[in-house]
Amino acid sequence: MTPVDLLRLALRALSMHRLRTLLTALGTGIGVAAVILLTSIGEGMYDFMETEATRFGTHFLVITPGKTVTIGGPPGLNTNTVRPLTLDDALAIGRLSSVKAVAPAVMGFAEAEREGIKRDVTVLGTGPDLPEIFTLEVASGRFLPKEDFEASRPLAVLGSEMKNRLFGPDNALGAYIRVAGQRFRVVGVLADAGTMVGFDMNDIIFVPVRHTMEIYNMLGVQEVDVRYDENRPASEVEGDISRLLIARHGSEDFTITTQDQMLSTMRVILSTITSAVAALGGISLVVGGVGIFTIMTISVQERIFEIGLFRSLGARRREVRRLFMAEALALGAAGGLLGLALGQGAAWLLAAIFPVIPVSISVAYTIAALMIAVLIGILAGVAPAVRAARMNPVLALRAE
């Protein structure tokens, strides 16, 4: 009996119980769909985070005080150190030949006021090189001017949303605001910048770092952002900065995190999450396999006479076994294809209804889910197929 004959007989047997076949395939299909949908969300999250991490520029690194393991992230997450990073450290780093731009950073929260309008705001103290590091665009006015950190004037730049919150449709340039009681003159408004590592860059007030340190009574900065020469490898720049700071501090009491390291850390975390949710979806595949095993067992019981007749006409045991294995394989494959359609449809629908949720279908996980569905179908059919092949043909014919 040729494989084509086996497949034709298997499909004919399955078509005799269409509803039962559909429901059995649906059990496996739900598992495949769950794997595709859950991994699509995980892959979408990684693509989103990678886009966010590179949208504000490349070839940059972050220096934070304290020798700890960190992914960089927003300022202010790692400030525990014996000796803080200072403005002089930032200036010294900026003089390295491999460094193109440096911006020390201090972030905090305060109350901003303008003509009786009060808002709780995020304040980022930084330097004039920040737009060059993170490719920020100024919509009107200018960013903070290049001035000595210690003698910087009380100037402010508003994110686009912050400008609307404080000024509405009015012109903000040249106006004065108070931040934590200190008076600042607005010199610029940024263009729409979106979010960066969870922070809304449109809802921030940017002021000179020295004034922010005074507001929060800080002796050092929370991080130093650096853009380096794209023709220099990150490891070389990291080594230059590390040697400089060790010479200045006397020990390695700081952490340097490159953009590649940030992306690598995110990749490991999100890959772990994606694998975990794929495993959860895989539980449904196992349940589908139990369904195939159950249906195949019932099918063998219902077709005892057919098996006996088949054997009496000259079919060998291995042909009977192959026939039922083909049916189980067809059920698994049908469930996989049904799950593929359901999973991709669900992912498309989720992205259409909730565009804020990043969805990206993973080809690797999709193929793996289909292969597992087929494998589970085969494994689920082994025991029933062996049972059918071992039947005594005479006793099977008497069963009718």
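For the structure, check the block above.
What this report covers is the structure whose coordinates are included nearby.

The rules we used
Each residue is numbered by its place in its chain's sequence as written, counting from 1. Totals for whole chains, interfaces and linings use every residue, but because this is a predicted model, local features are given only for residues with pLDDT of at least 70 and side-chain atom pairs only at 80 or more, for both listing and counting. Here the side-chain values reflect all heavy atoms present in the structure, with hydrogen atoms and water set aside. Going along the chain from the N terminus, every DSSP run of H or I of four or more residues is numbered as a helix, and every run of E of two or more is numbered as a strand. A simple rule labels every residue: compare its accessible area, found with a 1.4 Å probe on the protein chains alone, to the largest value its type can have, and call it buried under 20%, exposed over 50%, or partly exposed in between. Residues are treated as being in contact if the distance between any of their heavy atoms lies within 4.5 Å. Areas reported here follow the Shrake-Rupley algorithm with a probe of radius 1.4 Å; residue values treat only the protein chains shown as occluding. By the counting rule applied here, Lys and Arg register as positive and Asp and Glu as negative, while His and the ends of each chain are not counted. One atom stands in for each charge, and that atom is NZ of Lys, CZ of Arg, CG of Asp or CD of Glu. When the centres of two rings from Phe, Tyr and Trp lie within 6.5 Å, Trp using its six-membered ring, the rings pair. Their planes under 30 degrees apart give stacked, over 60 give edge-to-face, and anything left gives tilted. A ring has a charge above it when a Lys NZ or an Arg CZ is no more than 6 Å from the ring centre and no more than 35 degrees off the ring normal. Residues enter a patch when their relative accessible area is above 30% and they make no salt bridge; the linking distance is 9 Å between like charges and 5 Å between nonpolar side chains (Val, Leu, Ile, Met, Phe, Trp, Tyr). The term salt bridge refers to a pairing of a side-chain nitrogen on Lys or Arg with a carboxyl oxygen on Asp or Glu at a separation within 4 Å.

**Things to note about the overall build of the protein chain**
Right, so step 1: When helices and strands are tallied, the protein chain shows 12 helices and 12 strands.
Right, so step 2: A principal-axis box enclosing the C-alpha atoms of the protein chain has dimensions of 105 × 50 × 35 Å.
Right, so step 3: Per-residue burial for the protein chain yields a buried fraction of 46% across its 400 residues.
Right, so step 4: Long-range contacts, defined as pairs at least 24 residues apart, comprise 78% of the intrachain contacts of the protein chain with a sequence gap of at least 6.
Right, so step 5: Put simply, the protein chain shows about 19200 Å² of open surface, and 61% of that area lies on carbon and sulfur atoms.
Right, so step 6: The distance from the centre of the 36 positive side-chain charges to the centre of the 38 negative ones in the protein chain is 13 Å.

**Looking at the packing of aromatic side chains**
Right, so step 1: Following the criterion strictly, the structure yields 2 aromatic pairs and no others.
Right, so step 2: Here phenylalanine 60 and phenylalanine 134 contribute two aromatic rings whose centre-to-centre distance is 5.1 Å and whose plane-to-plane angle is 75°, an arrangement assigned as edge-to-face. Highlighted residues: phenylalanine 60 in strand β1 (residues 60–65) and phenylalanine 134 in helix α4 (residues 130–134), separated in sequence by 74 residues.
Right, so step 3: Taking relative accessible area as the criterion, phenylalanine 60 reaches 4% and is therefore assigned buried.
Right, so step 4: Residue classification places phenylalanine 134 among the buried positions, given a relative accessible area of 5%.
Right, so step 5: The ring of tyrosine 176 has arginine 183 lying over it, and the distance from NZ or CZ to the ring centre is 3.8 Å.

**A word on unusual backbone geometry**
Right, so step 1: A positive phi angle is found at glutamate 115, which is not glycine, with a value near 50°.
Right, so step 2: With respect to the helices and strands, glutamate 115 occurs in the loop between β2 (99–114) and β3 (117–126).
Right, so step 3: Overall, glutamate 115 belongs to the exposed group, its relative accessible area being 69%.

**Side note on the environment of leucine 263**
Right, so step 1: Along the chain, the position of leucine 263 falls in helix α8 (residues 259–302).
Right, so step 2: A relative accessible area of 10% places leucine 263 in the buried class.
Right, so step 3: Sequence-wise, leucine 263 and tyrosine 46 are 217 residues apart; in three dimensions their C-alpha atoms are separated by 9.2 Å.

**Section: a positive patch on the surface**
Right, so step 1: Taken together, the side chains of Arg317, Arg318, Arg321, Arg322 and Arg390 make up a positively charged region of the molecular surface.
Right, so step 2: Residue placement: arginine 321 occurs in helix α10 (residues 317–353).

**Some thoughts on helix α3 (residues 87–94)**
Right, so step 1: All buried positions along α3 are accounted for by Leu87, Asp89, Ala90, Ala92 and Ile93.
Right, so step 2: Considering only its buried residues, α3 is in contact with β1, β2, α6 (209–215), β11 (223–228) and α7 (234–249).

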